[in-house]
Every structure is written in structure tokens, then in C-alpha cells.
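# Descriptive structure summary
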Amino acid sequence: MGRGKGGKRGRTQRRDFRDGRENVWKKPREQGDGDGDGDGGWAPFVVESPAFEEYYKKQGIVPESEWEQFMACLRKSLPTTFRINGGGQYAECIRDQMRRDFFDCLKDETEIDGEVIEPPRTLPWYPNDLAWHLSFSRRQLRKASILQSRIHEFLKEENELGNITRQEAVSMVPPLFLDVKPNHRILDMCAAPGSKTFQLLEVIHKDDQPGALSQGMVIANDLNVQRCHLLIHQTKRMCSPNILVTNHEAQHFPGLKKKKLEGRSFLICVVRDDTGLLFDRVLCDVPCSGDGTMRKAPDLWKKWSPGMGNGLHCLQIQIAMRGVALLEVGGRMVYSTCSLNPIEDEAVVGEILRQSGGCMELLDVSSELPTLRRRPGLKSWKVRGRRRWFSSYHEDKYRAVLPSMFPSGKRMAQITREREGDMDSGNNVENPSEEATESEAEVSELPLERCMRILPHDQDTGGFFIAAFQKVGPYKRKCSYESSSSHSCCFCSGVSNSFSGKKSRGRGKAPQEAEENVDNDTENPEAVDNDNEPDNAQSAELELDSQRENRKQQKQGPWHGVDPVLFLEDDQIIRSLASYYGIQESLPLSGHLVVRSEDTSRVKRIYYVSKSVGDVARLNFRSGQMLKITSAGLKIFERHSNKEDASACNFRIASEGLPLLLPHLTKQLLYATKDDFKLLLSPSAVPFVAFKDPAFTSAMQSLLVGCCVVVLKDSGKSFMTSLKFSISLFCFAVGTNDVTAVGCWRGRTNMSLLVPRVEADQMLKRLFPEEVEAGDRTSNPVNANEDDTLEEQKGDEMDEHTIEEDEGEEKGDEKDGRHTLEGQ
Ligand SMILES: C[S@@+](CC[C@H](N)C(=O)[O-])C[C@H]1O[C@@H](n2cnc3c(N)ncnc32)[C@H](O)[C@@H]1O
């Protein structure tokens, strides 16, 4: 966790992070508020789009009587919503304290600048009142000093400390319909930046008992490597050994079917290796045009075109069908988009049902989350080509749009047969008159009303679409309703090339089956290369172009340039860790410690993986290392050469690994009073003689020279009585006992902290607010009022993490230890 690791690479990555991630607390300079106040000297966004209005009026997603209300809501900026992280008593205590300390004083409506502001409220459909809605816009926050000083600061700090996650209300919904249980294996196919992954991990760990590990697991995947690192940073706050982050095209996510056995002892595997890797739950939160997010991304008004959705339709089907293949029979899959467009929503759901040939059932979840307002999915919609509308595939004589976009979703072969039939009967639908007569609108026979569309004006949110499926039988690639059509499952990817305005000769990749490891380069006779009406939206084009580029690299096979995940089998290291820290057998080490370098003498970091993640890593080896693993489990130890005692353990405890390790430690452990703990948090190393409690000093002197852990005495009890005292990144929940502890270095004559200065400062502020407030505020970035300061820090943390994860063992830096021991 060292910072200031500088170097060229660090700077570049820092910039990449800033560019790539959502800045949730700060208004980008080039943007207005979206609330039309135009402050800061920047012109407000134009929140008009005739194309958008024409499109959605025609689609009938909103009753005519509500149109004005819908549009007015879309033009307003989005309220602030957030979730309290974690579950159980810890999160509930934060909630109650937050209510008491911050929101009770705002129980009544407030008036700012003549505008009536609703008091903060919980989101009624989110379990245990753990999600909140604040109606203040940024402008209002700035103008109202009480809100500014209390709520805004509070949210910034809690977000920074990892206690809350700012998340759009509607984005919290899909994991709630996934019905996750703690023992589930879950695949989050398009996971970055990771807010939903975080929710999934919370459920996985919801019933964790002190010292016991959950059996579940989340594989969080994203195509974009930068966003994968953002995902790692987000989920690191959960301190979970049950997560694996991978970097694949979701539509080609490897099935890990055993390929060949390798002669290594740890390859004896009990995972379901006949079927490869299957999941109990799959979340398909696919890339989409995102027009449901216009309230927070008002630049979309200007860019919007129907082509954005049309261009992503195929990719969305492919990703979802890969999800179907990877789902266990009996398992649940949720498909979601933040788009209102039926082409990305109901049309994709319809195609999933058709392609899965009866193995997927669209669930009626109307009784789940009854207080969430939603609208039933559409049964009928129209398709917009570049030049005209189509009510039915009959009208599409140039094959300018895809059959799967229509409610009937008829296959090309069916269409051809029907057209031939029409020709034979003299009813010539191919009559090349310019204006095709408008057919009757198609109505889907599928139960698409079971899908859910959340409209912004229903509960002051963004727009969202969700469909929940259950797998009721094995997936066979051929669609039962039209098994004669060999290409029926895979024509999309070839066609999508025509949407990006590039010529393609109809070769497309089918979504893989779980049984396969190798991509199926399926001949696609019906892929259309049609220059007549290429509906090509720029954004979709870029998306597909970048994915094609990526696909070139995504040849299946062992990943080169990515360090493998290897089990640490060096008994000497394992024994030395266990004996130095007195790690009890309740935390098994063998088979749970992984490294990213084959040369154990050069191992810099050791990660802890749950049994479930370990099983996947073993299966990955058996199948020829198909998975491109960006991060596995939880960093638990870091190399730290002990110059004072060469025979001692060469690994210190990583701060994120401490919550996992602490309940099992019996050695190198100390308990400090509040006064001594405060002393320990000071910027420089503390001589033994400076500590006040003689028992603490003597216990300290009896420790071996090297890494140790200092626990704040009675920190569990104090949690219940004071929020300020207890909410902290370092104050983690172990069942119902919340403990404050830090990693330290016991030198020959002094003790120093093994956490970065900025984190120590945050902790000081949490534990001793009165003293810190009286001290130098400017030296403590948590107190700084400038958003920039916080963003700077956050960026650095991410940057640091990237280097660790990205550079692998060979390039891991020795400076890390020295830097964090700056006081020594
Ligand atoms: C809607 S966002 C996901 C949001 C995320 N589920 C969350 O809650 O934080 C879509 C994500 O899909 C990723 N993506 C785009 N194409 C992909 C593909 N072919 N395979 C996997 N991920 C993809 C993007 O990088 C982006 O991070």
C-alpha cells in the first residue's frame, strides 16, 4: 500500500484512471450541472433531442398522458443516491448513526432559493433501509451551508473510507433480482466499474462467522483492462478472498473444459471438470447506448441516435447467450441495460428465449421488491433503420436491419421461405416500389411483459431495463423451433460488421457453448453486407471496432504476458508464516496461498484465495490456462526483508489481508490503550519508552523484531456508541465484533506504522476527532474542502494498485516496504 511510487508508468496510469473512471463527487469542468444553472461560466447542456422524442413516442414506452412528465424528469439532474456497504449489524449501526447524526435535523422540507427540497429518504425497495436518496442538486449543496458542511463532507469521507458507495438507485436493482445465496458461484460478465460486483460480494459474505470463510465466489469480468483495475480497486474494499477478476470478451468467456492433464501434484481437482466451469448465477449487465443515464450524462442528448442501440443489439445477444451456456441448469441469470430502447431490451430478451430453444424461462418477478415501481416489458415495438421505420420484417426488403430486432424475431430462412411463398402466390412483397406499404405492427408471442422497465419519472431515478431468467434445461445450440437453420444462432456477429460501415463477408463467431473451449468460427451464410442502409452510429461503431481489435488478441489458449496464478507450494515459506504469526489451523494456508511468479525466491506478494476461487484456479490449469486472470483473491502478505534478523519471516501482513487474518493470529499481536494507539498513529517511529502503558511496552519488547499487529483495546464495544469513533476503513466487521487494528513494525528500539500516512491520518481523525480538528487541518487531506485533494488521493491509490496488479512479481518494487516505513 505504499504511495509515491512515482515513475513514468505510474503517471501514465494515473492519467488513464482519471480519464476512465467516473468521478462521482466532482463536476467535470466542461459540464454544466445539467440543471441548467450554467454556473462556473460554462454553457449548460442542450437537453433537447427531436430524434429521441420521435423515437420513443413511436415506441410507446410511456403513455401519451405522461410524456411531458417523462421528458421534464429526464431534463432534471439526478438526485444523489448511495448504499451503505456491507451487511448485518455493522451496516445497520452505520445507518442508525447516520440517521441520528445527519438526517434527523433535515426531517422537514427545506427551502433553498425558493425551491422546496425533500428531506433525505431511504429507497423503500432496498433491503434494510441501507440505500438512501438525497434530492439536493450540487448547486443546492453549494448554496446551503448546513448541507454543504455536513452532508456533502460526510458523503465524501464515507465514500473515501469505503463505508458507502455512491450508486445510481436503478443500478442497485439487478443484483437484487439475482436471488444470490452465500454459497453461489456467480459470473458478473461485464462488471466494471464494479458497483454491482460489490453488492454480489456483500451477499456472498453476509453470513460470514468470525474466522469462517464463505463458500461462494464471484468472477468479475470486463473487456476493458483499465476498467478491470478500477473494478479491483472498488472490490478491494470488501477484503474478500472469494473474488477473481478476469479480462475477457464476455461473449467468448472460456468454459474451462478440461483439455489435458498436466503432471503436477496440485492438479487433482474436484471441480465439475466434465462440464467445465458453470455458474449458479450470471449477471449480464451489458454495454448499451445508456440513454437511461441522460440525467447524469447530459452530453448524450446531443449524441443520441437510434443507431446507437441498433449497433449494440448483436453484441448484447452474444454476451447473453454466452451467459446462458455458462449457467447451471436451475440457475438464474439477469439481463440488464441502462437503456430504454426496446432493440437493446425486449428484442434481445426475445432472441435469448428463441436461441436458447426452451432452456431459458423468462421469470415473472412481479412479486419480488413490490415497492419498486416498474412497467411491464413491451410486446410490440418498431425498428428504425437509417432512413425509415419498419413495423415488420416484411417491409425490410433490403435487409437493412436484423430480423431479431423485430417482435416476431423471425429467422432469415423463415423470411426467405415466406417471401418465396408470397412470390409463388403472386403476392409480391419484393415489389421494388420506394415506399413499402406499412404492415401491421408485429406483436411478440413471448411473455415479454415479464421484463421490467424503470422509467425516470416513476421514482425520480435514471431509466433501466431488467429481465430475470431461469435455466430449466441444458442448452443445446440448435434452436428447437427452427433446428433446420444451422446459422440461426450466430448470424448476428457477421451482420454487425455492416452496422459499423465496414464490409464483411459474413463470418461470425457464435457464442461459445460451455462444452467448448475453442472459438467456433462458424460459417455464416446469412450475414448481410448491405451498403444500402447501413445504420451506423458512431459509438456503436467504436465499440465494435475496439472489440474486433481485441478479438484478434483473444485467441484461445494460455495467456502470454499475464502472470499465471500459481499455488504457493514452498513448505518453508508456509511454515515460517504459520509459526512467526502463530496462525491457527482454523485458517488453512496450504492450497489457499497463491502467487504470480514461478520463482518463489522472488515472490513479492502472496494472495489468499477461498476454496471456491482455488478450485477455479486449478481447473484453469487443467484446461490449459484459458482464463486471463487480472487479480485473484486477497493480498495477504508482502515481502519485507528483515535486515535486523535475516532468519525471521520475510513477509509482512498486507493491510487488506488483516481482517481475514486477525481472528486466527496468536503471535506478534498486541493490545494498546487509546492513548498508546494514538501515539502509534503519529508520523514518526515511536521509541518504546514513549508508550504510557507498561504492560504494552513489555509485551512489545517480548515480540520478535519484524511485523506485528496492534489492536485497539475494547474497540468492538466502543463501536456501538459512537459513529465517529467507529466508521473507519480499519474498523472491520468480524461477525458482530468490530475491531480496530493496524499492522506495525517492531524495530529494535521503536515501533512504526505499516500503513500509508494518509490512511493513518484518516484513522486519527476517526478515532480522535476533537484533537485532530484542533490540529493542522491542512496537513490532513480528509479535512480539506477541495474535491481535488480527495480525487488526487484516490487516483494515487488506484494507481498504486494498478502497478501492483499489473506489473506482476518481476517488476514489483522493493521500495514499497521502505516507503511505508517512512518513520523508521
Ligand atoms: C454497463 S457497464 C457495466 C457496469 C457494471 N456492471 C457496474 O455495475 O459497475 C458495461 C461494461 O461492459 C464492458 N464491456 C464492453 N464490451 C464488453 C465485452 N464484449 N465483454 C465484456 N465486457 C464488455 C465495458 O468495459 C463496461 O465496463
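Residues numbered from 1 in each chain as written. Predicted model: local features only at pLDDT ≥ 70, side-chain atom pairs only at ≥ 80, totals over all residues. Heavy atoms only, no water.

As recorded in an unreviewed UniProt entry, the chain goes by the name SAM-dependent MTase RsmB/NOP-type domain-containing protein, listed as coming from Selaginella moellendorffii. Per its UniProt entry, the chain bears the Sequence similarities (unreviewed entry) comment "Belongs to the class I-like SAM-binding methyltransferase superfamily. RsmB/NOP family." Annotation of the chain in UniProt includes, under Subcellular location (unreviewed entry), the sentence "Nucleus". (UniProt positions renumbered as here; feature names shortened; annotations may be inferred.)

To continue, consider the environment of Pro588. Mapped onto the fold, Pro588 is located in the loop between α17 (571-581) and β19 (593-595). In sequence terms Pro588 and Ala250 are 338 residues apart; their C-alpha atoms lie 33 Å from each other. (Helix = DSSP H or I, 4+ residues; strand = E, 2+ residues; numbered from the N terminus.)

Our next topic: the sheet that holds strand β20 (residues 605-608). Strand order in the open sheet formed by five strands is β18-β19-β20-β22-β23, and the pairing between neighbours is antiparallel. Strands at the two margins of the open sheet, each flanked by one partner only, are β18 (566-567) and β23 (651-653). As judged from the three bridges shared by strand β22 (residues 634-639) and β23, these two strands associate in the antiparallel manner. By the bridge assignment for β23, Arg639 is matched with Phe651. Contacts from α17 reach β19, β20, β22 and β23, with the element oriented near 50° to β23. (Pairing = 2+ DSSP bridges. Contact = heavy atoms within 4.5 Å. Axes fitted to C-alpha atoms, helices over the stretch in contact; angles between N-to-C directions.)

On the basis of which strands lie adjacent, the open sheet formed by four strands has the order β4-β5-β1-β6 and antiparallel pairing. Either end of the sheet is taken by a strand with one partner, and the two such strands are β4 (121-122) and β6 (164-166).

Right, let's get into the nonpolar core. In terms of nonpolar packing, the biggest core is built from 84 residues, with Phe70, Met333, Tyr335, Val349 and Phe469 touching the most fellow members. Once residues lying within four places of it in the same chain are set aside, the contact partners of Phe469 are Gly331, Arg332, Met333, Tyr335, Val349, Ile352, Leu353, Met360, Glu361, Leu362 and Leu363. Membership of the second largest hydrophobic core comes to 56 residues, among which are Phe154, Met172, Ile243 and Val365. (Core = buried A, V, L, I, M, F, W, Y, C linked by side-chain atoms within 4.5 Å. Buried < 20%, exposed > 50% of the residue type's maximum accessible area, 1.4 Å probe, protein only.)

The next thing to look at is the packing of aromatic side chains. Following the criterion strictly, the structure yields twelve aromatic pairs and no others. Taking 5.5 Å as the distance between ring centres and 85° as the angle between the ring planes, the aromatic pair formed by Phe52 and Trp304 counts as edge-to-face. Pair noted here: Phe52 is in helix α2 (residues 50-59) and Trp304 is in the loop between α10 (300-303) and α11 (306-326), with a separation of 252 residues, a long-range link. The class of Trp304 is buried, set by a relative accessible area of 6%. With 5.2 Å between their ring centres and 50° between their planes, Trp67 and Phe70 make a pair best called tilted. Of this pair, Trp67 and Phe70 both sit in helix α3 (residues 67-75), three residues apart, roughly one helical turn. Side by side, Trp67 and Phe70 carry an identical accessibility label, which is buried. (Phe/Tyr/Trp six-rings, centres within 6.5 Å; stacked < 30°, edge-to-face > 60°.)

For Phe621, the position within the fold is in helix α18 (residues 611-622). Look at Phe621 and you get buried, because its relative accessible area is 3%.

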